[in-house]
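Summary of structural features
Single-letter residue listing:
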Amino acid sequence: MPDSTLQKGPMTGAAPGVRTVGCAAGGAPVGFAGTVTSARMLLETVCSCGGRHVPPAGSEAVPGPTVVGPFASAGRLAQTWADPATGTLGRGALAQMPLYYAVADGTGTEGRLVRFSTDLADLVGSRSEMWSAAVAAALAGEALPMPLTPYEGVLQLACGTTLGTSGGRERLTLDELDLDGLADQARRITGRPTDPRGVVRRALRHAVDEALAAGGGNGILGDGGGIGAAALAAIAPARLRRFHVHLDVPVLDRRRGRLAAGVEVIDGTAHWHRACDTPWFGAPGDGDPWPPAPDLLRPAGWDTAPLLSGAGLVGLLTGAAETPGRLRTGWRQLTMAAPFPTLFGRPGWRAWNPPRGDDPPQGSGDQAARPDAFLPGGWISPAVAESGVAVTSARTPSHLVPIVDDTTGAVPGAASLQTVLDLLERPPRTPGDHRLDPVLVCAHPVVLGAAVLLARHGRLRLRRRDGYVHRAPLLWDLVPSGLWPADVTPAEREALLAAAFVTRRLAAPARRAALLAQVEGSPWVLAERLRAVLADSSRMLADARALQRLCVTAARHPGPWTSGGRS
């Protein structure tokens, strides 16, 4: 596949077959921005040609809706749109393009004014201050719940919602998602679930074909060694060029020698070093070279090709885990007279582990509230939790996920939908972060519908082998035999990147002293405990995640530290 075939077509996120009105180059819409009141909507379209276009001056006709989404056949379900005719903004239940908005009082009789954009930088600007409660939540490692953003007054439209202005006020409409209808629609393409492997294969092929339609039928696939990327590569080997972003980071660097044949390597170490050495960047994840920035792909001529990702496919096609109190793997192996390893740090004979009323809840308790100074994050003051409660208390489940019926158990397919929503409703990136947004194949309605269909027929199961759980066995059946998957989970990757960041960023004593001086006197940090951690290299590595959050938030948002968020 020559490189020239990858240079045709619009940027990732463009709606296939849609062209921007007023673009002489024939570009496609990749975003939009504007304002809306109860009387009118002013809209400009962000085009793949690099410019922004507005309706021609003097035109009396109401322009049609501007839609953005990678899958045309899914319609509004997988699109983000602005419709001047109805004065509404919307984000489909499976839409991958985020939409941000801010509400203010309008002038005259227009009532409320809503400013909106698919780019957060249009609303907050380059010098906007972060919400102090969000700074505290970021320091504690808490994710911002929908619809909040790090900037007070700027909100993100949740999946499956429509925003309009009427009666002098803004109104949100929560759309419904029929999982059974989604499964029935998927069955028309994938067929009956008598052959689960065939259902998954046909659903993935349909999604890949539609995602690549905007790029002339070819695209690129990020391959970090996961089973999801391997399954997509097996579906369309001739149309997807696979690449791996390499980092000279301990443990992560060994992946380069275990890639499948045909995977090309792009060195992202220089990008990583710039992120570590930059005085500030917005969030810990902003320094991660995945997803890639255009300058990483530009030398190969891939920066305009559709970029696909297999993230979420494993969780989508994995059955529910066993509930506490059931016979576990060790007991099953005893009945088969097979030897077994130690299970989760306990002897193998403790296969029966029923829950007890006096057992403490797993994972409960805030690290900042624990008095032990030797625990990770023990230098974070309890005042952080108090300051961040304004945002952390807003966490609610998505209205799209069906409620569990106690009489029948979990709703089939609800866990698969939650996996997709967790990827779609992600925290916003820092303004100015221009990394590409890969197309999530798991968010295609046919792929999700196929997972729901298989869940309804009990086809999503866990496979056990030698005392270990193998997730997504249907995906394993699609890839060639002998695959050597990645041995690092996403959570472990984050921990390794955090350790590498802290090792490089705080290597010099002058940098550690500067960090201590910046947070000195802050009610959010127990300075003596932090000083003890920074003086011990082993404790720095053990506390790398919290230290990375401290470096990033202190450098990017120095204002709230001295006051602890109090004005």
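Please read all numbers here as calculations on a predicted model, not as lab measurements.

**Overview of the sheet that holds strand β3 (residues 52-53)**
Spatial strand order, β3-β2-β1-β8-β7-β9: 6 strands in an open sheet with antiparallel pairing. Looking at strand neighbours, the two that pair on one side only are β3 and β9 (154-156), the edges of this open sheet. Examined bridge by bridge, strand β2 (residues 41-47) and β3 share 2 bridges and lie antiparallel to one another. Counted as the bridge partner of Val 46 is Arg 52 from β3.

**Points about the pattern of salt bridges**
One pass over the full model with this rule turns up 16 salt bridges. The closest approach of N and O atoms between Asp 437 and Arg 429, which form a salt bridge, is 3.0 Å. Its relative accessible area of 32% is what places Asp 437 among the partly exposed residues. Residues joined by salt bridges that share partners form a network here, namely Asp 180, Asp 184, Arg 187 and Arg 456.

**Quick look at the pairing of strand β5 (residues 80-83)**
Burial along β5 is two-sided: Thr 80 and Ala 82 and Trp 81 and Asp 83, pointing in opposite directions, are all buried. Pairing geometry for strand β4 (residues 66-68) and β5, over 3 bridges, is antiparallel. When the sheet's bridge partners are listed, Thr 66 is paired in β5 with Ala 82. Where β5 and strand β6 (residues 88-91) come together, 4 bridges link them in antiparallel fashion. Bridge pairing in β6 links Trp 81 to Gly 90. Counted along the chain from β5 to the antiparallel partner β6, the turn is 4 residues long, and its residue Gly 87 has a positive phi close to 65°.

**Some details on the environment of Ala 238**
Its location among the elements puts Ala 238 in the loop between α5 (227-235) and β13 (240-246). Since its relative accessible area comes to 60%, Ala 238 is described here as exposed. Considered as a pair, Ala 238 and Asn 218 are 20 residues apart in the sequence and their alpha carbons are 8.4 Å apart.

**Structural notes on the nonpolar core**
Membership of the largest hydrophobic core comes to 59 residues, with the highest contact counts inside it found for Leu 204, Leu 316, Leu 417 and Leu 475. Elements with a minimum of two residues in this core: α3 (179-190), α4 (196-212), α5, α8 (313-316), α11 (414-424), β16 (439-440), α12 (445-456) and α13 (473-476). When sequence neighbours within four positions are dropped, the list of residues in contact with Leu 475 reads Val 200, Leu 204, Ile 227, Ala 231, Leu 313, Val 314 and Leu 317. With 43 residues, the next largest nonpolar core counts Trp 272, Ile 380, Val 525 and Val 533 among its residues.

**Thoughts on helix α15 (residues 509-519)**
By the burial criterion, the buried members of α15 are Leu 515, Leu 516 and Val 519. On an axial view of α15, the arc spanned by its buried residues comes to 95°, and they lie on one face. Structural note: α15 exposes Ala 510 and Ala 517 on the side pointing more than 90 degrees away from its buried face. Phi turns positive one or two residues past the end of α15, at Gly 521, with a value near 85°.

**Details of the packing of helix α2 (residues 132-139) against helix α18 (residues 544-556)**
One way to put it is that α2 packs onto α18 with a least axis distance of 9 Å and a crossing angle of 160°. Judged by the angle between their axes, α2 and α18 are roughly antiparallel. In this structure, α2 contributes Val 135, Ala 138 and Leu 139 to the contact, and α18 contributes Arg 549, Leu 550 and Thr 553. Class assignment of the residues belonging to the contact of α2 with α18 gives a composition of 4 nonpolar, 1 polar and 1 charged.

Criteria and thresholds
Residues numbered from 1 in each chain as written. Predicted model: local features only at pLDDT ≥ 70, side-chain atom pairs only at ≥ 80, totals over all residues. Heavy atoms only, no water. Pairing = 2+ DSSP bridges. Helix = DSSP H or I, 4+ residues; strand = E, 2+ residues; numbered from the N terminus. Salt bridge = Lys/Arg side-chain N within 4 Å of Asp/Glu carboxyl O. Buried < 20%, exposed > 50% of the residue type's maximum accessible area, 1.4 Å probe, protein only. Core = buried A, V, L, I, M, F, W, Y, C linked by side-chain atoms within 4.5 Å. Contact = heavy atoms within 4.5 Å. Arc of directions from axis to C-beta. Axes fitted to C-alpha atoms, helices over the stretch in contact; angles between N-to-C directions. Parallel < 35°, antiparallel > 145°, perpendicular 65-115°, else oblique. Nonpolar A, V, L, I, M, F, W, Y, C, P; charged D, E, K, R; others polar.

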